[in-house]
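# Coordinates in review
Each chain is listed here by its residues.
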Amino acid sequence: MKLLYFAWVRERIGKAEEEIAIPAGIETVSDLIAWLAARDEGGARAFNEPEVIRAAIDRTHASHDMPLAGAQEVAFFPPMTGG
Amino acid sequence: MITVRIQREPFDVQAEATLLTAGATDVGALVTFTGLCRDEGGRLLALELEHYPGMALEEITRIAEETEARFELEGLTVIHRHGLVAPGEQIVLVLAAASHRRAALQAADFMMDYLKTRAPFWKREHLTDGTLGDWVQASAADDLDAARWQRDETS
């Protein structure tokens, strides 16, 4: 699964993207956020306030309770500030 | 007709308006909204707009399709810039064409409200003292602006 990070999430985790094999027991967006937060220091910095993090699965906005099954690309980013 | 573009370059508002209404005989109203970069009281040298290239075009197109259907538009053009934008320069363009003014005015307002809260773009401040500033924080007012269209649906 490809993971993408944007804006301050990208800066805090220290990379724009990575490829991971999804660990056993990780079923939802929320599970993945918790796993990334526990994985290393960058993850902890990026995801220390999980409730503010927005996610997209395969380029569509996704809530934290959405299942990851079948997802190819998951993106994490702060609330959007375009326009 | 829906046109959506994400680009680094500035856009030509008049050329886009002419293109959108070319040959149209049932467009009685064309609303043009242009979002510009402010200097925030002299603090900002520029705004840097980061985006999610794979998703931005798709998401803005989804919002544009919803806008066109909801307000029965004759045409809609949305252009969003990315990269460095200096104060006074353009950030976003929304052109809404409809038979009557209310639909065009409301459509441009709706499109901007949803674009601000759903299009995957993030602004970062570059300061006049040459340093990199903070990421712009999402505003709760923008969420409320978008939410009022949902209340309207149920009233």
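Residues numbered from 1 in each chain as written. Chains lettered and ligands numbered in written order. Predicted model: local features only at pLDDT ≥ 70, side-chain atom pairs only at ≥ 80, totals over all residues.

The partner chain B presents 21 residues to the 14 residues of chain A that form the contact. Looking at the side of chain A that touches chain B, the elements that each hand over two or more residues are α1 (7–13) and β5 (73–77) of chain A. Split into classes, the residues belonging to the side of chain A that touches chain B amount to nine nonpolar, four polar and one charged. (Contact = placed C-beta atoms within 7 Å. Helix = DSSP H or I, 4+ residues; strand = E, 2+ residues; numbered from the N terminus. Nonpolar A, V, L, I, M, F, W, Y, C, P; charged D, E, K, R; others polar.)

Here we take up the sheet that holds strand β1 (residues 2–5) of chain A. All names here are of chain A. Read across the sheet, five strands follow the order β2-β1-β5-β3-β4 without closing on themselves; strand pairing throughout is mixed. Edge positions in the sheet fall to β2 (17–19) and β4 (60–62), since each of these pairs with one other strand and no more. Going across the sheet, the axis of each strand differs from the next one's by a mean of 25°, ignoring polarity. Examined bridge by bridge, strand β3 (residues 54–57) and β4 share three bridges and lie antiparallel to one another. Within β4, the position partnered with A56 by the bridge is H61. (Pairing = 2+ DSSP bridges. Axes fitted to C-alpha atoms, helices over the stretch in contact; angles between N-to-C directions.)

This part is about unusual backbone geometry. Residues and elements named next belong to chain A. We note that A7 has phi near 55°; this positive angle belongs to a residue other than glycine. Relative to the elements of secondary structure, A7 occurs in helix α1. With 23 C-beta atoms packed within 10 Å, A7 lands in the buried category. (Buried ≥ 20, exposed ≤ 12 C-beta atoms within 10 Å, placed from the backbone.)

Residue and element names in this part refer to chain B. Closest axis-to-axis distance for the helix α2 (residues 53–70)/helix α3 (residues 101–118) pair is 10 Å, and the angle between their directions is 155°. What the angle tells us is that α2 and α3 run roughly antiparallel. Of the two elements, α2 crosses α3, and the hand of that crossing is right-handed. Across the interface between the two elements, E59, I60, I63, A64, T67 and R70 from α2 touch A107, F110, M111, Y114, L115 and R118 from α3. Its residues placed into classes, the contact of α2 with α3 shows eight nonpolar, one polar and three charged. (Parallel < 35°, antiparallel > 145°, perpendicular 65-115°, else oblique. Left-handed = near helix turned anticlockwise from the far one by under 90°.)

What follows deals with the pairing of strand β3 (residues 44–51) of chain B. All names here are of chain B. Note: β3 against strand β7 (residues 121–127), seven bridges, orientation antiparallel. Within β7, the residue paired with A46 across the bridge is H126. Sheet analysis places β3 next to strand β5 (residues 83–85), joined by three bridges and oriented antiparallel. The residue bridging L49 from the neighbouring strand is G83, located in β5.

Further remarks concern the nonpolar core. Considering soluble globular proteins, one finds that nonpolar side chains tend to be buried as a cluster. Membership of the largest hydrophobic core comes to 57 residues, with the highest contact counts inside it found for F6, V9 and A75 of chain A together with V94, A96, A107 and M111 of chain B. Counting residues per element, this core draws most heavily on α3 of chain B, at nine residues. Once residues lying within four places of it in the same chain are set aside, the contact partners of A96 of chain B are V31, L73, L76, A104, A107, A108 and M111 of chain B. (Core = buried A, V, L, I, M, F, W, Y, C linked by C-beta atoms within 7 Å.)

Time to look at the sheet that holds strand β8 (residues 132–135) of chain B. Residue and element names in this part refer to chain B. Read from one edge of the open sheet, four strands run β5-β3-β7-β8, paired in antiparallel fashion. Of all the strands in the sheet, just β5 and β8 have a single pairing partner and so form its edges. Going across the sheet, the axis of each strand differs from the next one's by a mean of 30°, ignoring polarity. As defined by bridge partners, β7 adjoins β8 across two bridges and the pair is classed as antiparallel. Residue pairing in the sheet places R124 in a bridge with W135 of β8.

Okay, helix α2 (residues 29–39) of chain A next. Every buried residue belonging to α2 of chain A is among V29, L32, I33 and L36 of chain A, and all of these are buried. Down the axis of α2 of chain A, the smallest arc covering the buried residues is 100°, so these residues share one side. (Arc of directions from axis to C-beta.)

Time to look at α3 of chain B. Given a rise of 1.5 Å per residue, 18 residues ought to cover 26 Å, and the 26 Å separating the end C-alpha atoms of α3 of chain B matches this to within 8%. Every buried residue of α3 of chain B is accounted for by A103, A104, A107, A108, F110, M111, M112, D113, Y114, L115, K116 and T117 of chain B. (Expected span 1.5 Å × (residues − 1).)

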